[in-house]
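Fold and contact review
Chain residues, written in single-letter form:
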Amino acid sequence: PIGGSRITQTNTVIEVLFTESIDDDTVTPYSFIVSDGQTTIPGTIEHTDNKLRFYPVIPFDLTTTYTVILSQSISDLSGNPLARAYSWSFTTNKS
């Protein structure tokens, strides 16, 4: 979901697309965080070239705002980290 969006599917996959390929070793549960403001949401992170996907272990709760945080420790294949941490939020709604 994009920043500020409202979604009704609680099993939504979060996808992030970068302009360059990402170093696998820099993608961890500590560098790609999804939170409801109190709890870090458990999930699986899949990495393919310049794309990251987060699959939540359990569906997102309805009527909840979630924040996604990408830390500066994520780097491209040349070792260049993100210029800054990046975050955005989305909200789950009833259909």
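Whatever comes next refers back to the structure up there.
Residues numbered from 1 in each chain as written. Predicted model: local features only at pLDDT ≥ 70, side-chain atom pairs only at ≥ 80, totals over all residues. Heavy atoms only, no water.

With that settled, consider the pairing of strand β5 (residues 51–56). In regular strands, side chains alternate between the two faces of the sheet. Here β5 shows a buried face lined by L52, F54 and P56 and an unburied face lined by K51, R53 and Y55. Sheet analysis places strand β2 (residues 14–17) next to β5, joined by 4 bridges and oriented antiparallel. Residue L17 lies in a different strand from β5, and its bridge partner there is K51. Direction of pairing for strand β4 (residues 43–48) relative to β5: antiparallel, over a ladder of 6 bridges. For E46, the partnering residue across the bridge sits in β5 and is R53. (Buried < 20%, exposed > 50% of the residue type's maximum accessible area, 1.4 Å probe, protein only. Helix = DSSP H or I, 4+ residues; strand = E, 2+ residues; numbered from the N terminus. Pairing = 2+ DSSP bridges.)

Its location among the elements puts S21 in the loop between β2 and β3 (32–35). For S21 and N11, which are 10 residues apart along the polypeptide, the C-alpha to C-alpha distance reads 26 Å. Not counting residues within four places of it along the chain, the set of residues in contact with S21 comprises D49, N50, D76 and L77. Side-chain polar atoms of S21 contact the side chain of D49, separated by 2.4 Å. (Contact = heavy atoms within 4.5 Å. Polar contact = N/O pair within 3.5 Å; in protein donor to acceptor, adjacent residues only side chain to side chain.)

Let's shift gears to the sheet that holds β4. Here 3 strands make up an open sheet; going across it, the order is β2-β5-β4 and the pairing antiparallel. The open sheet is flanked by β2 and β4, the only strands paired with a single partner. Neighbouring strand axes in the sheet, compared pairwise and without regard to direction, differ in orientation by 15° on average. (Axes fitted to C-alpha atoms, helices over the stretch in contact; angles between N-to-C directions.)

Let us look at the side chain of T64. For T64, the location among the structural elements is in the loop between β5 and β6 (65–70). Within polar-contact distance, the side chain of T64 engages the backbone oxygen of L62 at 3.0 Å. When neighbours within four sequence positions are excluded, T64 is seen to be in contact with D36, F90, T91 and T92.

Positive phi, normally seen in glycine, also occurs at D49, with a value near 55°. Relative to the assigned elements, D49 resides in the loop between β4 and β5.

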